[in-house]
Amino acid sequence: MISAAAFVLDQVSKAWALSYLGAERQIHLGLGASLRLVFNPGVAFGLGGEFGPALTVGIIVIVAALAAWVLVRALKESGTFATFLLAVVLGGAMGNVWDRISRADKGPLSGEVVDFIAIDWFAIFNVADIFTTVGLISFAVVSVASGSKPTSHRASGTPPTV
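Here the structure is a predicted model, which means the values were calculated and not measured.

Let us look at the pattern of salt bridges. Within the structure shown, the criterion is met by 4 salt bridges. A salt bridge links Asp99 to Arg103; its shortest N-O distance comes to 3.6 Å. For Asp99, a relative accessible area of 0% puts it in the buried group. Using a relative accessible area of 25% as the deciding quantity, one classes Arg103 as partly exposed.

This is how it looks when you write it as structure tokens:
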């Protein structure tokens with residue numbers, strides 16, 4: 001349900017960008033931020049765009065593995081908040097994969113991701129990228145913060161295992 005909500009929010013925002021921003025329109029938000037439409041054939045910062053459909057296949061495999069991991073965690077009810085964060089990441093990832101599949105006008109799996117949030121000193125990205133990045137960073141923080149602290153083997157009298 002969380003992944004589906006993230007996916008829908010991403011796709012609605014991209015539909016807005018496609019219909020409102022168009023090819024030439026740009027909205028300046030101030031402080032070096034703007035809304036402008038671009039199409040990204042690669043991953044972060046446009047890297048890997050030259051790999052085309054092979055890149056998309058690799059991303060689909062990663063997203064499928066993430067979906068399986070989220071499902072297993074949800075069924076086990078392990079780390080509910082951490083699983084929620086992974087579901088947000090999954091929803092964002094699915095949004096970008098959907099772009100690659102549904103916007104493939106140069107052949108199967110050749111679609112480009114719709115990006116429209118521009119930070120001049122950083123990058124141009126979309127809502128799915130926000131979900132994946134913030135979700136992954138938050139998952140890492142939650143995992144580290146909730147992790148068990150190592151115990152001293154010397155105090156327990158048992159030798160450390162390597």
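Let's shift gears to helix α4 (residues 127-146). The end-to-end C-alpha separation of α4 is 28 Å, in line with the 28 Å expected for 20 residues at 1.5 Å each. By the burial criterion, the buried members of α4 are Val127, Ala128, Phe131, Thr132, Gly135 and Phe139. For α4, the angular spread of the buried residues around the axis is 130°, confining them to a single face. α4 presents Ile137, Val141, Val144 and Ala145 as exposed residues on the side facing more than 90 degrees away from its buried surface. Looking at the buried side of α4, the elements it contacts are α1 (2-21), α2 (53-76), α3 (80-102) and β3 (113-119). Among the residues of α4, the N-terminal cap falls to Asn126, whose side-chain oxygen and the backbone nitrogen of Ala128 are separated by 2.9 Å.

Once that is clear, we can look at the environment of Val141. Structurally, Val141 is set in helix α4. Along the primary structure Val141 and Ala82 are separated by 59 residues, whereas in three dimensions their C-alpha atoms are 9.5 Å apart.

This brings us to the nonpolar core. Ile59, Val63, Leu66, Val70, Leu86, Leu90 and Phe139 are the most contacted members of the largest nonpolar core, which has 14 residues in total. Every element with two or more residues in this core is listed here: α2 and α3. If you tally residues by element for this core, the top one is α3, at 8 residues. Excluding residues that lie within four positions of it along the chain, Phe139 makes contacts with Trp69, Arg73, Ala82, Leu85 and Leu86. The next biggest cluster of nonpolar side chains, apart from the first, holds 12 residues, and it includes Ala6, Leu21, Leu37 and Val127.

Attention shifts here to the packing of α3 against α4. Look at α3 against α4: their axes get within 8 Å of each other, and the N-to-C directions meet at 155°. Here α3 is positioned roughly antiparallel relative to α4, judged by the angle of their axes. Between α3 and α4 lies a crossing of left-handed hand. For the pair formed by α3 and α4, the contact residues are Phe81, Ala82, Leu85, Leu86, Val88, Val89, Gly92, Ala93 and Asn96 on the first element and Ala128, Asp129, Phe131, Thr132, Gly135, Leu136, Ser138, Phe139 and Val142 on the second. Residues belonging to the contact of α3 with α4 are distributed by class as follows: 12 nonpolar, 5 polar and 1 charged.

This paragraph deals with the packing of aromatic side chains. Applying the stated criterion across every chain yields a total of 7 aromatic pairs. Ring centres 6.4 Å apart and planes at 80° place the aromatic pair Phe7 and Trp98 in the edge-to-face group. Here Phe7, found in helix α1, pairs with Trp98, found in helix α3; they are 91 residues apart in sequence, far enough to count as distant. Relative to Phe139, the ring of Trp69 has its centre 5.6 Å away and its plane inclined at 85°; by these criteria the two rings are edge-to-face. Placement of Trp69 in helix α2 and of Phe139 in helix α4 is noted, with a sequence separation of 70 residues between them. For Trp69, a relative accessible area of 40% puts it in the partly exposed group.

The rules we used
- Residues numbered from 1 in each chain as written.
- Predicted model: local features only at pLDDT ≥ 70, side-chain atom pairs only at ≥ 80, totals over all residues.
- Heavy atoms only, no water.
- Salt bridge = Lys/Arg side-chain N within 4 Å of Asp/Glu carboxyl O.
- Buried < 20%, exposed > 50% of the residue type's maximum accessible area, 1.4 Å probe, protein only.
- Helix = DSSP H or I, 4+ residues; strand = E, 2+ residues; numbered from the N terminus.
- Expected span 1.5 Å × (residues − 1).
- Arc of directions from axis to C-beta.
- Contact = heavy atoms within 4.5 Å.
- Polar contact = N/O pair within 3.5 Å; in protein donor to acceptor, adjacent residues only side chain to side chain.
- Core = buried A, V, L, I, M, F, W, Y, C linked by side-chain atoms within 4.5 Å.
- Axes fitted to C-alpha atoms, helices over the stretch in contact; angles between N-to-C directions.
- Parallel < 35°, antiparallel > 145°, perpendicular 65-115°, else oblique.
- Left-handed = near helix turned anticlockwise from the far one by under 90°.
- Nonpolar A, V, L, I, M, F, W, Y, C, P; charged D, E, K, R; others polar.
- Phe/Tyr/Trp six-rings, centres within 6.5 Å; stacked < 30°, edge-to-face > 60°.

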